[in-house]
Amino acid sequence: MNKPKINSTRKPQFKNEDEEAAWWAGAKGRGFLKRQSAAATSKRLKGSPLVAKLSTASSVQIAIRLPAPDLAKAREIAERKGIGYQTLLKMLVHEGLRRESRRL
């Protein structure tokens, strides 16, 4: 039986679902997922200094209600910038708080 070739950026082509399931369950499939996860992490850390600072700062989980159009606009802007919408919202809150604290 021919084994699928490993490519670090793409999963191999499989002849059937059984072959694919065996690959994902094996060490090669797990290794592929780890490489993909590591690559995604390194890409996220290449953002702006503010994004990096917000990512490393300790966070407290809260719930906040936003109007649906505002959330949709945040998601649209975040996608354009290549960041998550929650990260964008954290950046905007941080910027607004800093601006307001300078006014006082």
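As a reminder, the structure under discussion sits directly above these lines.
Residues numbered from 1 in each chain as written. Predicted model: local features only at pLDDT ≥ 70, side-chain atom pairs only at ≥ 80, totals over all residues. Heavy atoms only, no water.

Peer 1: Just to check I follow, could you spell out helix H4 (residues 68-81) for this structure?
Peer 2: Note that an α-helix has 3.6 residues per turn; residues three or four places apart therefore point the same way. Under the 1.5 Å per step criterion, the end-to-end length of H4 is 20 Å for 14 residues, consistent within 8% with the ideal 20 Å. Directly beyond the C-terminal end of H4, a positive phi value near 80 degrees is found at Gly82. (Helix = DSSP H or I, 4+ residues; strand = E, 2+ residues; numbered from the N terminus. Expected span 1.5 Å × (residues − 1).)

Peer 1: Where do I start with the pattern of salt bridges in this structure?
Peer 2: When their charged atoms lie close together, side chains carrying opposite charge are able to pair. Applying the stated criterion across every chain yields a total of four salt bridges. Linking Arg103 and Glu100 is a salt bridge whose minimum nitrogen-to-oxygen distance equals 3.1 Å. Highlighted residues: Arg103 and Glu100, both in helix H5 (residues 85-103), separated by three residues, approximately one helical turn. Given a relative accessible area of 40%, Glu100 falls into the partly exposed group. Residues participating in the shared-partner salt-bridge network are Lys73, Glu76 and Arg80. (Salt bridge = Lys/Arg side-chain N within 4 Å of Asp/Glu carboxyl O. Buried < 20%, exposed > 50% of the residue type's maximum accessible area, 1.4 Å probe, protein only.)

Peer 1: Can you walk me through the packing of H4 against H5 in this structure?
Peer 2: Two quantities define a packed helix pair, namely the angle between the helix axes and the distance between the axes. Between H4 and H5, the least distance of the axes is 8 Å, while the angle of their chain directions is 100 degrees. Of the possible angle classes, the one that applies to H4 and H5 is roughly perpendicular. Judged by residue contacts, Leu71, Ala74, Arg75, Ile77, Ala78 and Lys81 of H4 engage Tyr85, Leu88 and Leu89 from H5. Split into classes, the residues belonging to the contact of H4 with H5 amount to seven nonpolar, no polar and two charged. (Axes fitted to C-alpha atoms, helices over the stretch in contact; angles between N-to-C directions. Parallel < 35°, antiparallel > 145°, perpendicular 65-115°, else oblique. Contact = heavy atoms within 4.5 Å. Nonpolar A, V, L, I, M, F, W, Y, C, P; charged D, E, K, R; others polar.)

Peer 1: Help me understand the environment of Lys28 in this model?
Peer 2: With respect to the secondary-structure elements, Lys28 resides in helix H2 (residues 27-44). A relative accessible area of 41% means that Lys28 is categorised as partly exposed. Between the C-alpha atoms of Lys28 and Lys11, which are 17 residues apart in sequence, the distance is 10.0 Å.

Peer 1: What exactly am I supposed to notice about the packing of aromatic side chains here?
Peer 2: Each pair of aromatic rings is reported with the distance of its centres and the angle of its planes. Per the stated rule, a full pass over the model turns up four aromatic pairs. Taken together, a centroid distance of 5.6 Å and an interplanar angle of 70 degrees make the contact between Trp24 and Phe32 edge-to-face. Assessed through its relative accessible area of 27%, Trp24 is described here as partly exposed. On the basis of relative accessibility, which here comes to 7%, the residue Phe32 falls in the buried class. Grouping aromatic residues by their ring pairs yields a cluster made of Phe14, Trp23, Trp24 and Phe32. Over the ring of Tyr85 we find Arg75; its NZ or CZ atom is 4.5 Å from the centre of that ring. (Phe/Tyr/Trp six-rings, centres within 6.5 Å; stacked < 30°, edge-to-face > 60°. Lys NZ or Arg CZ within 6 Å of the ring centre and 35° of its normal.)

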